[in-house]
Amino acid sequence: MRRNFIFIVFILLISMMFSKDLFLQWKKVDSNNYIEKNNNVFLNISYLEKIGYSIMGTSENLFIIKYDDTWSAVVFPKAGVAIINSSESISIDNDEYIYMNKKYYVSLNLLAKLANLEFFQNSKGYYLNFRLAKLKSIDGFLMKDKLRIIMEFTSKPEKFEVYKLTAVPGYLIKVYGVEIPEVSFSKTYSNKFLSQIKAMQHSQKEIWITITLGGEAKKYTKIEEDGRIIIDVEMKEKFTKPVVVLDPGHGDFDPGTLGYLGTKEKDMALKVALKTRELLKDKPINVYLTRDTDKFVELYNRAKIANDLHADLFISIHLNSYLENRSIRGSEIYYFSFSNDKYARKIARKENLDMDDNKDIIQSRVVEKKNSIPESKKMASLLEKHVKENKIPFRNIKAAEFAVLAYTKCPAVLFELEFLSNPTVEVNFISGKYVDLFAKIIANSILEYFNIK
């Protein structure tokens, strides 16, 4: 007897461990409204009324599922057929429904087709939801002279509307044909222009996003891309001076490349960075260096310096080498080669984050990086322009995966000034001519980037 009792308890525990809940539009369905049979789940079709459907004409031979004037399914179970929107017909098998106590219970797979719902399952349960775009992420960034809010969705929303808040500075954005999977969204910010972003599911097919500003806005501009809504806000108060971080490569025990006469890359890169800072000292720009002496700074820490300073632009300064042919010359510029998934994994590994538990943090970094790529290309193009104007041979602009470019949040480029392996180039750096010239190229490119005269 005792053995039987233990066996029954064991079976119950196992069934509890492996049973799944059913969710309709992310809300748990009471178990009285569905049947589990032969490894299948059947939902009482009347339960769809909770999310706005109309169930009509229910009889042993017929039932009708309607949603406003946008969707209808007329179902003839015994005939094994359903008519969708008066045009498309689908076949129905006897094992896809149960008729019991004058109620129809329909398998989730079939019900998804009949009601135009999305059906999926995971370890937590079974889900039936509207086929809506899903909110992936929202974030805000200070970009030179404006505040940019980026909203990412799995697909393009039906439409959106922007309203000005009345009680506090900010905007309410109503987005239609969208849902927030399972939870709402809220994020606070430490800068004085953006206080908070909140998103909530206002109705079954509409979300409201509230952007609370730290000051009065002058105007906004809206941009819609496939799956993205961007709001650029121009504030009444002037932004603080832009922050530029110059990163002289190598240092200390790491000399970088060496010239034929023994000139070290680390020394020339530092001299160019120091001279650039000097040229910009009277301009409305805050210039910082990752190192201003002959010391070594680990690659990730160089990026971290820029991130901690909330930099608007990062320029890593290097010199090239090609010992096989010392006649090779010219400048090269690199920006980060971007791939959503690959970058997410890179950030997770480097910053010791979990891809599931820290999904929001990782996604935020991905959005930041994606947003910085066009600006990085812009800075690269400006450097190219000024290099050519100063009669320096120019080789190319390329995408690459340098660590300092990967981990900086702001627009970032790596500038290979010239080939130190070329004797003429080395002599020009030793004399100071190229130190002054490349500092001028970088300084003028920065001024043009920020539109500073």
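Everything numeric in this text was worked out from a predicted model, so none of it was measured.

Rules used throughout
Residues numbered from 1 in each chain as written. Predicted model: local features only at pLDDT ≥ 70, side-chain atom pairs only at ≥ 80, totals over all residues. Heavy atoms only, no water. Phe/Tyr/Trp six-rings, centres within 6.5 Å; stacked < 30°, edge-to-face > 60°. Helix = DSSP H or I, 4+ residues; strand = E, 2+ residues; numbered from the N terminus. Buried < 20%, exposed > 50% of the residue type's maximum accessible area, 1.4 Å probe, protein only. Lys NZ or Arg CZ within 6 Å of the ring centre and 35° of its normal. Pairing = 2+ DSSP bridges. Axes fitted to C-alpha atoms, helices over the stretch in contact; angles between N-to-C directions. Contact = heavy atoms within 4.5 Å. Parallel < 35°, antiparallel > 145°, perpendicular 65-115°, else oblique. Left-handed = near helix turned anticlockwise from the far one by under 90°. Nonpolar A, V, L, I, M, F, W, Y, C, P; charged D, E, K, R; others polar. Core = buried A, V, L, I, M, F, W, Y, C linked by side-chain atoms within 4.5 Å. Patch = residues over 30% accessible without salt bridge, like charges linked within 9 Å, V, L, I, M, F, W, Y side chains within 5 Å. Areas by Shrake-Rupley, 256 points an atom, 1.4 Å probe, with all protein chains shown as cover. Salt bridge = Lys/Arg side-chain N within 4 Å of Asp/Glu carboxyl O.

Section: the packing of aromatic side chains
Argument step 1. Under the counting rule described, the total for this entry stands at 19 aromatic pairs.
Argument step 2. Look at Trp26 and Tyr127: their rings are 5.7 Å apart centre to centre, the planes differ by 55 degrees, and that puts the pair in the tilted class. Taken together, the residues Trp26 in the loop between strand E1 (21-24) and strand E2 (27-28) and Tyr127 in strand E13 (residues 125-130) connect sequence positions 101 residues apart.
Argument step 3. The class of Trp26 is buried, set by a relative accessible area of 18%.
Argument step 4. Of the aromatic side chains, those joined through ring pairs into one cluster are Phe23, Trp26, Phe120 and Tyr127.
Argument step 5. The ring of Tyr163 carries the charged tip of Lys174 above its face, separated from the ring centre by 4.8 Å.
Argument step 6. Sitting above the plane of the Tyr449 ring, Lys378 keeps its charged end 5.2 Å from the centroid.

As for the sheet that holds strand E26 (residues 313-320)
Argument step 1. Taken together, the six strands give an open sheet; going across it, the order is E25-E24-E26-E29-E27-E28, and neighbouring strands pair in mixed fashion. With one partner strand each, in any of the chains shown, strand E25 (286-289) and strand E28 (394-400) form the two edges of the open sheet. Taken pair by pair, the neighbouring strands of this sheet meet at an average axis angle of 20 degrees, ignoring direction.
Argument step 2. When strand E27 (residues 331-336) meets E28, the two strands line up parallel, connected through six bridges. Across the sheet, the residue bridging to Glu332 is Asn396, located in E28.
Argument step 3. Against the sheet, helix H6 (residues 359-389) makes contact with E26, E27, E28 and strand E29 (412-419), and its axis sits at roughly 170 degrees relative to E27, the strand it touches most.

Points about unusual backbone geometry
Argument step 1. Positive phi, normally seen in glycine, also occurs at Ser86, with a value near 60 degrees.
Argument step 2. Along the polypeptide, Ser86 turns up in the loop between strand E8 (81-84) and strand E9 (88-91).
Argument step 3. Residue Ser86 is classed as exposed on the basis of its relative accessible area of 69%.
Argument step 4. We note that Lys391 has phi near 65 degrees; this positive angle belongs to a residue other than glycine.
Argument step 5. Here Lys391 lies in the loop between H6 and E28.
Argument step 6. Here Lys391 falls in the exposed class, since its relative accessible area comes to 71%.

Quick notes on the packing of helix H3 (residues 265-279) against helix H9 (residues 433-449)
Argument step 1. Packing of H3 against H9 brings their axes to within 8 Å, and their N-to-C directions diverge by 50 degrees. Between H3 and H9, the angle falls in the class oblique. In the packing of H3 onto H9, the handedness of the crossing is right-handed. On H9, the residues that touch Met268, Lys271, Val272, Lys275, Thr276 and Leu279 of H3 are Val435, Asp436, Phe438, Ala439, Lys440, Ile442, Ala443 and Ile446.
Argument step 2. Across the contact of H3 with H9, the residue classes tally to nine nonpolar, one polar and four charged.

Comments concerning the nonpolar core
Argument step 1. In this structure, Ile315, Phe415, Phe429, Ile442 and Ile446 are the most contacted members of the largest nonpolar core, which totals 41 residues.
Argument step 2. Only strand E24 (243-248), H3, E25, E26, H6, E29, helix H8 (423-431) and H9 provide two or more residues apiece to this core.
Argument step 3. In terms of residue count, the dominant contributor to this core is H9 (ten residues).
Argument step 4. If we skip the residues at most four places from it in the chain, Ile446 touches Val244, Leu246, Thr276, Leu280, Ile285, Leu313, Ile315 and Met379.

Here we look at the pairing of E8
Argument step 1. Here E8 shows one buried face, formed by Ala82 and Ile84, and one open face, formed by Val81 and Ile83.
Argument step 2. With four bridges connecting them, strand E7 (residues 71-76) and E8 associate as antiparallel partners. Each bridged residue has a counterpart across the sheet, and for Val75 the counterpart in E8 is Ala82.
Argument step 3. In this structure, the hairpin formed by E7 and E8 is closed by a connection of four residues, where Gly80 is found at a positive phi of approximately 70 degrees.
Argument step 4. Bridge count between E8 and E9: four bridges; the pairing is antiparallel. Looking at E9, one finds that Ile83 is bridged to Ser89.
Argument step 5. Two successive antiparallel strands, E8 and E9, enclose a turn made up of three residues, where Asn85 displays a positive phi of approximately 50 degrees.

A word on a nonpolar patch on the surface
Argument step 1. Residues Tyr260, Leu261, Val427 and Ile430 make up a contiguous nonpolar surface patch of roughly 440 Å² in combined accessible area.
Argument step 2. Relative to the helices and strands, Tyr260 resides in the loop between E24 and H3.
Argument step 3. According to the relative accessible area criterion, Tyr260 is exposed, its value standing at 60%.

Remember, this is a structural readout, not a statement about activity or role.
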